[in-house]
2 protein chains.
Amino acid sequence: MRRLSVDLAERSYPIVIGEGLLARRDLLEPIVAGRSVAIVSNVTVAPLYAAALRGALEGAAAEVIDVVLPDGEAHKHWGTLNSIFDALLEHRFDRSSVIVALGGGVVGDMAGFAAAVYQRGVDFVQVPTTLLAQVDSSVGGKTGINHPLGKNMVGAFHQPRLVLADVGCLRTLPDRELSAGLAEVIKHGAIADTGYLAAVEHDLPRLLAHDVQALAAAVAGSCEIKARVVGQDERESGLRAILNFGHTFGHAIEAGLGYGEWLHGEAVGAGMAMAADLSRRLGLIDAPAQSRLVDAIAAARLPTRGPAWPAQRYVELMSVDKKAERGTPKFVLLEALGRAVVRRAPDEAVRATLAACGGAA
Amino acid sequence: MRRLSVDLAERSYPIVIGEGLLARRDLLEPIVAGRSVAIVSNVTVAPLYAAALRGALEGAAAEVIDVVLPDGEAHKHWGTLNSIFDALLEHRFDRSSVIVALGGGVVGDMAGFAAAVYQRGVDFVQVPTTLLAQVDSSVGGKTGINHPLGKNMVGAFHQPRLVLADVGCLRTLPDRELSAGLAEVIKHGAIADTGYLAAVEHDLPRLLAHDVQALAAAVAGSCEIKARVVGQDERESGLRAILNFGHTFGHAIEAGLGYGEWLHGEAVGAGMAMAADLSRRLGLIDAPAQSRLVDAIAAARLPTRGPAWPAQRYVELMSVDKKAERGTPKFVLLEALGRAVVRRAPDEAVRATLAACGGAA
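Every chain is numbered on its own, with residues counted from 1 as its sequence reads. Chains and ligands are labelled by the order in which they are written, letters from A for the one and numbers from 1 for the other. It should be noted that, the model being predicted, local features are given only for residues of pLDDT at least 70 and side-chain atom pairs only at 80 or more, the latter also being counted only at that level, while totals for whole chains, interfaces and linings use all residues.

A.B. asks: Describe the environment of B:Ser279, and please don't skip the residues or the numbers.
C.D. replies: Residues and elements named next belong to chain B. Helix and strand definitions here come from DSSP, where helices need a minimum of 4 consecutive H or I residues and strands a minimum of 2 consecutive E residues; each element is numbered from the N-terminal end. Along the chain, the position of Ser279 falls in helix α10 (residues 264-281). By the C-beta count within 10 Å, which is 28 here, Ser279 ends up buried. Filtering out sequence-adjacent residues up to four positions away, Ser279 remains in contact with Leu284, Ile285, Leu333 and Leu334. Counting other C-beta atoms within 10 Å of a residue's own tells you its class, since 20 or more makes it buried, 12 or fewer makes it exposed, and anything in between is partly exposed; those C-beta atoms are placed from the backbone. By the convention adopted here, residues make contact when the C-beta atoms placed from their backbones lie within 7 Å.

A.B. asks: Give me the pairing of strand β2 (residues 13-18) of chain A: which residues, what numbers.
C.D. replies: Residues and elements named next belong to chain A. Residues Tyr13, Ile15 and Ile17 of β2 are buried on one face, while the alternating residues Pro14, Val16 and Gly18, pointing to the opposite face, are not. Alignment of strand β1 (residues 2-6) against β2, held across 5 bridges, turns out to be antiparallel. Bridging across to β2, Arg3 finds its partner in Val16. At least two bridges found by DSSP between two strands are what make those strands a pair. The turn linking β1 back onto β2 is made up of 6 residues, and Ala9 within it adopts a positive phi angle of 50 degrees. Where β2 meets strand β9 (residues 162-166), 4 bridges bridge the pair, whose relative direction is parallel. Residue pairing in the sheet places Val16 in a bridge with Leu164 of β9.

A.B. asks: Report on the nonpolar core, specifying residues and quantitative values.
C.D. replies: What tends to happen in soluble globular proteins is that the nonpolar side chains get buried as a cluster. The term nonpolar core refers to a set of buried Ala, Val, Leu, Ile, Met, Phe, Trp, Tyr and Cys residues connected through C-beta atoms within 7 Å. Ranked by size, the top nonpolar core spans 260 residues in total, and within it A:Val40, A:Val100, B:Val40 and B:Val100 carry the most contacts. When residues of this core are assigned to their parent elements, the largest contribution, 12 residues, is made by helix α8 (residues 212-232) of chain A. Setting aside chain neighbours within four positions, we find A:Val100 in contact with A:Val37, A:Ala38, A:Ile39, A:Val40, A:Leu53, A:Phe124, A:Val125 and A:Val127.

A.B. asks: Help me get a handle on helix α12 (residues 311-318) of chain A, residues and values and all.
C.D. replies: Residue and element names in this part refer to chain A. Taken residue by residue, α12 has Tyr314, Leu317 and Met318 as its buried positions. For α12, the buried positions fall inside an angular range of 95 degrees around the axis, keeping them on one side. Contacts from the buried residues of α12 go to α9 (247-257) and α13 (347-357). Along the arc lie the directions from the helix axis toward the C-beta atoms.

A.B. asks: Describe the sheet that holds strand β1 (residues 2-6) of chain B, and please don't skip the residues or the numbers.
C.D. replies: All names here are of chain B. Taken in spatial order, the 7 strands of this open sheet run β1-β2-β9-β6-β5-β3-β4, and their pairing is mixed. The sheet is open, and its two borders are formed by β1 and β4 (63-69), each paired with just one other strand. For this sheet, the mean angle separating the axes of adjacent strands, direction not counted, is 20 degrees. With axes taken as lines fitted to C-alpha atoms, and helix axes fitted only over the stretch in contact, angles between N-to-C directions fall between 0 and 180 degrees. Packed onto the sheet, helix α3 (residues 78-90) meets β3 (36-42) and β4 and runs at close to 160 degrees relative to β4. Each of β3, β4, β5 (98-103) and β6 (123-128) is contacted by helix α4 (residues 105-117), which is oriented at about 170 degrees to β5, the strand it contacts most.

A.B. asks: Which residues make up the domain arrangement of chain A, and what are the values?
C.D. replies: Residues and elements named next belong to chain A. Here chain A is partitioned into domain 1 (2-172) and domain 2 (175-357). The split of the chain into domains comes from an automatic or database domain assignment. Its C-alpha centre places domain 1 at a distance of 25 Å from the equivalent point of domain 2. The interface is formed by 33 residues belonging to domain 1 together with 31 residues belonging to domain 2. At the level of secondary structure, the elements contributing two or more residues to the side of domain 1 that touches domain 2 comprise β1, β2, α5 (131-137) and β8 (150-157). Ranked by the residues each element gives to the side of domain 1 that touches domain 2, the list is headed by α5, at 5 residues. Throughout this entry, Asp, Glu, Lys and Arg are counted as charged residues, while Ala, Val, Leu, Ile, Met, Phe, Trp, Tyr, Cys and Pro are counted as nonpolar. The remaining residues, Gly among them, count as polar. Within the side of domain 1 that touches domain 2, the residues separate by chemical class into 15 nonpolar, 11 polar and 7 charged.

Below is the structure:
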């Protein structure tokens, strides 16, 4: 079991990583003792893990209810969020209640946002069950829902009280979702730590084989990088934006295809390859660095090209990105492997990248 | 022009009170310069004041759009909130945008909540146009929407950057709404300052006659009390709860009648009379103190009794109150005029109060 910390003064919290943590009452009891708890999960995750988690919570909590959502990014909207409020209010949950998010990124984002705004904010715990959620979305307090005109357009910064990353859940994770999680793992190496990137490249065969030891190390390394960045810039006024490497292009792909067509990590895989291409065109990295990153993305079984759309379609989709200012997107680019920077890019370079990488292989 | 300050470290902000402030570009420019601004108002307020405010913003802001909501508490729900997001996204408003709430408490709560969660939070300015909003809801950062099972059940603490209370707007405020605002004015005196209460009692005839000088003094006094309380307890972990004096009973009345049937201030008027009755039953205040407060409420042309419901109906409606803990409501009571305390009350005393005051006059 490894324990890390996200340092945010009175909002600091631990991330605990290991196998079998779901069933560990000792880890949950300090937060839920005597309180009403809602386990928010979805129809796929609940049958696998809700009983074990409920077993750990019962006895410690005053009351435990289950809120089971439909599965998938297509349901990450107000209607689903409101079904959480309905359940909490029907059970008369008050401000001292605790929401436990059990699932992947979509469940975590929605349950976290519900916690952020239910009665103006209640405590919540993240129990991420996918690699993507364990290495990325469960840490840092970004919560929210989608709007037809953009992803995560409505949300809040609301830090969990605890993140429990049970890597045992990854044994049964579908291969496609495992690869999607590796996109964020590779991202963390690319933007902040070449040593970590090299270790991940070396471990890729074990990671793809769902080796729990290798996965625990990858999760810990990613959380360490993310916790460091978030600790320096909780609300993304500066540094934190580097965590969006690959996401400006990636969000355009997701929005253009309709959420859920590609997994988020797949869109980020292609988006990172596109951002690397743009970085090279602007003279920030050389061709071998670009190739190394693209090879790692491909080796993780992720796409390295976006859909074959006209450049103009990408440009329009990117103009509503949250990092855009007055319609002009900013890009997270690499100055070197292991070092990212946020800047605007000339239109011609962006269009050249879109022409080169915006044609699905 | 009077200027107060809400002291909340990096979230501190000024409250400016006076006549004609709506049209003062100098007050708004520091916040909106070069940014996209949405004026959120409603169908009643927009024709009266939106043009003047727009005139002050144009030239300073990069772009000004109008978002006009339907009028009334019955519309304080997700559907209306979402129409704000639609407008912001259609105009590609980004994280640097500013939302200006122009209207009463409902507009301020919804526009403020939209600002709290649009792209995980943008700046906002309160321009309250009703007495209730000027003395209470525009200050302190409470924002939110209603749920069929409870008022303000979904929301956020999100402080404005500036509150502009233009008392000139109160000249044309309907008498019924003026009285509703006086409920919160009387409340501030009752819980925190007998000197202020006495001044308000003395000024009631001028206040009811829409005398702008008297109103400016009342607004300033109320904001001073509220700013002091909020500055000590932003997120209502303790002291701030005293601002809910009259609100536990009042919210039950509003929820039971359906939001909007009585004005919020009317329900608070009756609720304060009920809370005073309960305080006297518990031996906290004497009968003359109770009478003095009830007389002031009546003199402000507010109800001093709730609807004639069975006690059990009130009890059920109060059990979902946000101040309830595991279904048991807490009450804000008076230890003396000018001093409030939050505590539980024995069932028999609560039921006696409901029997005595829960019969509409």
